[in-house]
Amino acid sequence: MNLKSLYFLNGKRIEMIEALAHDLKTPLSVIMAYSEALTEADSTDDEKLKTYLNVINGNAKKSSNLVMQMQYTSDLENIDVALQLRDINLLEFLERKVSYYKLQAKEKEIDIVLKTHGNMEHLAVDTDRLERILDNILSNSLQYTPNKGNIEISVNEEENSIVYEICDSGSGFLQKDLERAFDRFYRGDKARNSEGGHSGLGLYIVKKLVEQLHGSIKIKNTVYGGADVIFRHP
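Overview of the structure.

## Quick look at the packing of helix α3 (residues 90–105) against helix α4 (residues 127–144)
In the contact formed by α3 and α4, the axes pass within 11 Å of each other and the chain directions differ by 30°. Classified by the interaxial angle, the pair formed by α3 and α4 is roughly parallel. Handedness of the α3/α4 crossing: right-handed. Here L90, F93, L94, K97, Y101, Q104 and A105 of α3 come into contact with α4, specifically with T127, L130, E131, L134, D135, L138 and L142. Residue classes in the contact of α3 with α4 are distributed as nine nonpolar, two polar and three charged.

## Notes on α4
The terminal C-alpha atoms of α4 lie 26 Å apart, and with 18 residues this matches the ideal 26 Å at 1.5 Å per residue to within 8%. Of all 18 residues in α4, 13 are buried; the element is thus mostly enclosed. Near the N-terminus of α4, the side chain that reaches the backbone nitrogen of D128, with its oxygen 3.3 Å away, is that of D126.

## A short note on the nonpolar core
Judged by nonpolar contacts, the single largest core of 38 residues is most densely connected at L90, I112, Y164 and F231. Those elements giving two or more residues to this core turn out to be α3, β3 (123–125), α4, β4 (150–158), β5 (161–168), α6 (202–212), β6 (216–221) and β7 (227–233). Apart from residues lying up to four places away in sequence, F231 is in contact with L130, I133, L134, I137, I162, V163, Y164, I166, V210, S216 and I217.

## Observations regarding α3
The end-to-end C-alpha separation of α3 is 22 Å, in line with the 22 Å expected for 16 residues at 1.5 Å each. By the burial criterion, the buried members of α3 are L90, F93, L94, K97, V98, Y101 and A105. Burial along α3 is one-sided: seen end-on, the buried residues are contained in an arc of 125°. Contacts made by the buried residues of α3 are with β1 (86–88), β2 (111–117), β3, α4, β4 and β5. A distance of 3.1 Å separates the backbone nitrogen of L91 from a side-chain oxygen at the start of α3, and that oxygen is part of N89.

## Remarks on the sheet that holds β5
Read across the open sheet, the five strands follow the order β2-β4-β5-β7-β6; overall the sheet is mixed. A single partner strand is all that each edge strand has here, and the edge strands are β2 and β6. Shown here is a sheet whose adjacent strand axes are inclined to one another by a mean of 15°, direction ignored. In this sheet, β5 lies alongside β4 in antiparallel orientation, the contact comprising eight bridges. Looking at β5, one finds that S154 is bridged to E165. Along the sheet face, α3 touches β2, β4 and β5 and points at about 170° away from the line of β2. Set on the sheet, α4 makes contact with β2, β4, β5 and β7; between it and β5 the angle comes to about 20°.

## Focus on the pattern of salt bridges
Applying the stated criterion across every chain, the model contains eight salt bridges. When the shortest N-O distance is used, the salt bridge between K220 and D228 registers 4.0 Å. Using a relative accessible area of 3% as the deciding quantity, one classes D228 as buried. When salt bridges that share partners are traced, they join K97, E131 and D135 into one network.

## Here we look at empty space enclosed by the protein
The final tally for this structure, using the stated rule, is two cavities of 30 Å³ or more. A volume near 30 Å³ is recorded for the second largest cavity. Top element by residues in the lining of the second largest cavity is α3. It accounts for four residues. Across the lining of the second largest cavity, the residue classes break down as five nonpolar, no polar and one charged.

## Focus: unusual backbone geometry
The phi angle at K148 is positive, at roughly 65°, despite the residue not being glycine. With respect to the element layout, K148 can be found in the loop between α4 and β4. The residue E159 is not glycine, and still its phi comes out positive at about 50°. Tracing the sequence through the fold places E159 in the loop between β4 and β5.

Each value, and the rule that gives it
Residues numbered from 1 in each chain as written. Predicted model: local features only at pLDDT ≥ 70, side-chain atom pairs only at ≥ 80, totals over all residues. Heavy atoms only, no water. Axes fitted to C-alpha atoms, helices over the stretch in contact; angles between N-to-C directions. Helix = DSSP H or I, 4+ residues; strand = E, 2+ residues; numbered from the N terminus. Parallel < 35°, antiparallel > 145°, perpendicular 65-115°, else oblique. Left-handed = near helix turned anticlockwise from the far one by under 90°. Contact = heavy atoms within 4.5 Å. Nonpolar A, V, L, I, M, F, W, Y, C, P; charged D, E, K, R; others polar. Expected span 1.5 Å × (residues − 1). Buried < 20%, exposed > 50% of the residue type's maximum accessible area, 1.4 Å probe, protein only. Polar contact = N/O pair within 3.5 Å; in protein donor to acceptor, adjacent residues only side chain to side chain. Core = buried A, V, L, I, M, F, W, Y, C linked by side-chain atoms within 4.5 Å. Arc of directions from axis to C-beta. Pairing = 2+ DSSP bridges. Salt bridge = Lys/Arg side-chain N within 4 Å of Asp/Glu carboxyl O. 1 Å grid on protein atoms, 1.4 Å probe; cavity = no way out; pocket = protein on both sides within 12 Å on 5 of 7 lines; lining within 4 Å. Points joined across faces, edges and corners; volume = space filled by probe spheres on them.

In structure tokens:
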């Protein structure tokens, strides 16, 4: 690697750290503020206590997600990491994952539906990478889907490939988002980033992980305006 390339790579790493550090400020500030308020609050006010703890818990999860994304991005730079294929029943794997997402969706009364078609009983899959892909996509869908909305996960066997399509009833993508959403630090529409804790790394990570599975990914909007993410792997 020449000196110019090394400077460029180091510059990108510094940029990533600065962006993530900036995004961590918001949830950590909220946690600190509500923690301080709890120490001064009337301990007999159970409703206020529950509200404050929910806010702290939610922002702690955002912080944890950002830290995990830092680790994921670091892992993605290591091109020597081999696939860890396991023979699994993909249907059982998906049903288990969807049950976790339904628990997360319960608070917003979001309905999550899984539809599958094809033979999925014995497939060689890198479950760690697949899980990361699904977690990133579904966490976005859960964040941007309104209360009492819906998310549909369709998984089909097509020409020696498994095709996944995740549609939600949220705000969808703007045209500029569709063109740049896979860029490393692209943040997209302000309306989709107003809740904080969004690093602009989610879809970048998803694309890199899908490519490691020798697959492809694309995004679009549904006919009803929600986000539609489609990826496939052998």
